[in-house]
Amino acid sequence: MSRWAVLPAELDPRVRQLVVRLRRLKDHSGLSLRQLAARTEYSPKSWERYLGGRSLPPPQAVETLARIGGEDPTRWLALREVAAEAWGNRRGEAPAVATPGPEAAMPEATTPQQEILTAGSRTAAESLADGARSPTRSLRVALVAGTVALVLAVSSTVLLAVRLLGGAGGTAAPLAASAASAPASSSQSSPAYACRVERVDGRWYAGISPTRGAVLANGHAGPEVAEAQCLLRRAGISPGGIDGIFGPLTEAAVRRAQQRAGLVVDGIIGPHTWKALRR
């Protein structure tokens, strides 16, 4: 059993889960880092970075280690996909550095309309400058410019309507506020998905997704997750809300269902877990 170094405190929990499981798999194989490198395409230094949480292992490395340990690579690749999303989000966060201009010492009072126009113009100009450096951003520049134009048009229309109605009786603001709060309250009270559970050809379906092989893990979201949540609730195991988000409550419910069905308890929904949920 290897004595592993403590993982970095800032490591995302989804990445930490992948690294800890890969460490256990490596210890179970009984191979040293040098022996593991000899059986794969990656050097001992690379494996040291992967198992130390300093670098995200590529899919080929995860699949190879899973096969060496006698495990099904599908579940491990699903864990790696979830970790890759968290890793990409962490890498994509870059602190903004403000460089004060000559005008910073003398702030000028502006109206809300001028602030909207100034922010929109600056955003469009910066996006166009970025697009000139990278051709792949041309579509993004067009979307940003269109969004800015739409925001400016809507804000101008709203301001004009408020001024006109305000002069007539001063009732526009309460009406607008009540109209804006109504959709928000209704969207919060109504569930995102509705379970319509029925049995078809000897299998249970909730009417959201007919999948029987999608691999789902903590961090995934979509109709497949909502389908699994409905089937878990039908089986008497509460996954929390039927919101289509694979969170801690859904993972705990999946583990209980796997334990009840005599499956490998890993909290990941694969073909075997779907079969247990639908029968």
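In the block above lies the structure referred to throughout.
Calculation rules
Residues numbered from 1 in each chain as written. Predicted model: local features only at pLDDT ≥ 70, side-chain atom pairs only at ≥ 80, totals over all residues. Heavy atoms only, no water. Helix = DSSP H or I, 4+ residues; strand = E, 2+ residues; numbered from the N terminus. Buried < 20%, exposed > 50% of the residue type's maximum accessible area, 1.4 Å probe, protein only. Contact = heavy atoms within 4.5 Å. Areas by Shrake-Rupley, 256 points an atom, 1.4 Å probe, with all protein chains shown as cover. Expected span 1.5 Å × (residues − 1). Arc of directions from axis to C-beta. Patch = residues over 30% accessible without salt bridge, like charges linked within 9 Å, V, L, I, M, F, W, Y side chains within 5 Å. Salt bridge = Lys/Arg side-chain N within 4 Å of Asp/Glu carboxyl O. Disulfide = S-S within 2.5 Å. Phe/Tyr/Trp six-rings, centres within 6.5 Å; stacked < 30°, edge-to-face > 60°. Polar contact = N/O pair within 3.5 Å; in protein donor to acceptor, adjacent residues only side chain to side chain. Core = buried A, V, L, I, M, F, W, Y, C linked by side-chain atoms within 4.5 Å. Lys, Arg positive; Asp, Glu negative; His and termini not counted. Charge placed at Lys NZ, Arg CZ, Asp CG, Glu CD.

Explain the overall build of the chain to me, please; I cannot follow it from the model alone.
Across its full length, the chain carries 11 helices and two strands. Each helix and strand of the chain, placed in order from N terminus to C terminus, yields the pattern α-α-α-α-α-α-α-α-β-β-α-α-α. Per-residue burial for the chain yields a buried fraction of 30% across its 279 residues. Here the analysis covers contacts within the chain between residues at least 6 apart in sequence; of these, 51% occur between residues at least 24 apart. Accessible surface for the chain amounts to roughly 17300 Å². Of this, 58% is attributable to carbon and sulfur atoms.

Would you take a moment to explain the environment of Gln60 for this structure?
Relative to the assigned elements, Gln60 resides in helix H4 (residues 59-68). A C-alpha to C-alpha distance of 9.2 Å links Gln60 and Thr40, two positions 20 residues apart in sequence.

Looking at this structure, I do not really get helix H10 (residues 248-261). What am I missing?
Since the α-helix turns once every 3.6 residues, residues separated by three or four places project in the same direction. Between the first and last C-alpha of H10 there are 20 Å, a value that for 14 residues agrees with the 20 Å anticipated at 1.5 Å per step. Along H10, the residues classified as buried are Thr250, Glu251, Ala253, Val254, Ala257 and Gln258. Viewed end-on, H10 has its buried residues packed into an arc of 160°, placing them on one side of the element. Turned more than 90 degrees away from the buried face of H10, the exposed residues are Pro248, Leu249, Gln259 and Arg260. On its buried face, H10 sits against helix H1 (13-29), helix H9 (223-234) and helix H11 (271-278). After H10 finishes, the residue Gly262 shows a positive phi value of roughly 75°.

What exactly am I supposed to notice about a nonpolar patch on the surface here?
On the surface, Leu150, Val154 and Val158 cluster together to form a nonpolar patch covering roughly 270 Å² of accessible area. Here Leu150 is to be found in helix H7 (residues 138-168). Residue classification places Leu150 among the exposed residues on the basis of a relative accessible area of 56%.

Would you take a moment to explain the state of the cysteines for this structure?
Disulfide: a covalent bond formed between the sulfur atoms of two cysteine residues. Tallied over the full model, the rule gives one disulfide. Residue Cys195 pairs covalently with Cys230 via a disulfide, S to S 1.9 Å. Classification of the bridge connecting Cys195 and Cys230 rests on its S-S torsion, roughly -80°, and on that basis the disulfide is left-handed. One end of the pair, Cys195, is in the loop between helix H8 (172-189) and strand S1 (198-200); the other, Cys230, is in helix H9, with 35 residues separating them in the sequence.

I keep staring at the packing of aromatic side chains and nothing clicks. Help me out?
One pair of aromatic rings is described through two measures. These are the centre distance and the angle between the planes. Evaluated as defined, the whole model comprises three aromatic pairs. Between Trp47 and Tyr50, the aromatic rings sit 5.7 Å apart at their centres with planes inclined by 80°, giving edge-to-face as the arrangement. In this pair, Trp47 and Tyr50 are both assigned in helix H3 (residues 44-51), three residues apart and thus about one turn of the helix distant. Note on Trp47: relative accessible area 1%, which makes it buried. Through successive ring pairs, a cluster of aromatic residues spans Tyr42, Trp47 and Tyr50.

Would you mind showing me how to read the pattern of salt bridges here?
Any two side chains of opposite charge can pair, so long as their charged atoms come close to each other. If you walk through the whole model with that rule in mind, you get six salt bridges. A salt bridge links Asp266 to Arg75, with the nearest nitrogen and oxygen atoms 2.7 Å apart. Here the residue Asp266 occupies a position in the loop between H10 and H11, and Arg75 occupies one in helix H5 (residues 73-92), the gap between them amounting to 191 residues. Judged by relative accessible area, which is 21%, Arg75 ranks as partly exposed. Connected through shared salt-bridge partners, Glu71, Arg75 and Asp266 make up one network.

I would appreciate a short explanation of the side chain of Gln229 in the present structure.
Mapped onto the secondary structure, Gln229 falls in helix H9. Using a relative accessible area of 0% as the deciding quantity, one classes Gln229 as buried. A distance of 3.1 Å separates a polar atom in the side chain of Gln229 from the backbone nitrogen of Gly244. Here Ile245 takes part through its backbone oxygen, which lies 3.1 Å from a polar atom of the side chain of Gln229. Not counting residues within four places of it along the chain, the set of residues in contact with Gln229 comprises Pro239, Gly241, Ile242, Asp243, Gly244, Ile245 and Thr250.

Explain the nonpolar core to me, please; I cannot follow it from the model alone.
Soluble globular proteins tend to bury their nonpolar side chains together. Core analysis: the biggest nonpolar cluster contains 27 residues, and Val15, Leu18, Leu22, Trp47, Leu65 and Trp76 have the highest contact counts within it. Those elements giving two or more residues to this core turn out to be H1, helix H2 (33-38), H3, H4 and H5. Per element, the largest residue contribution to this core is six residues, and it comes from H5. Residues Val254, Ala257, Trp274 and Leu277 belong to the second largest nonpolar core, which totals 13 residues.

Whenever I open this one, a positive patch on the surface confuses me. Can you help?
A cluster of basic residues, Arg203, Arg212, Lys275 and Arg279, forms a positive patch at the surface. Relative to the helices and strands, Lys275 resides in helix H11.

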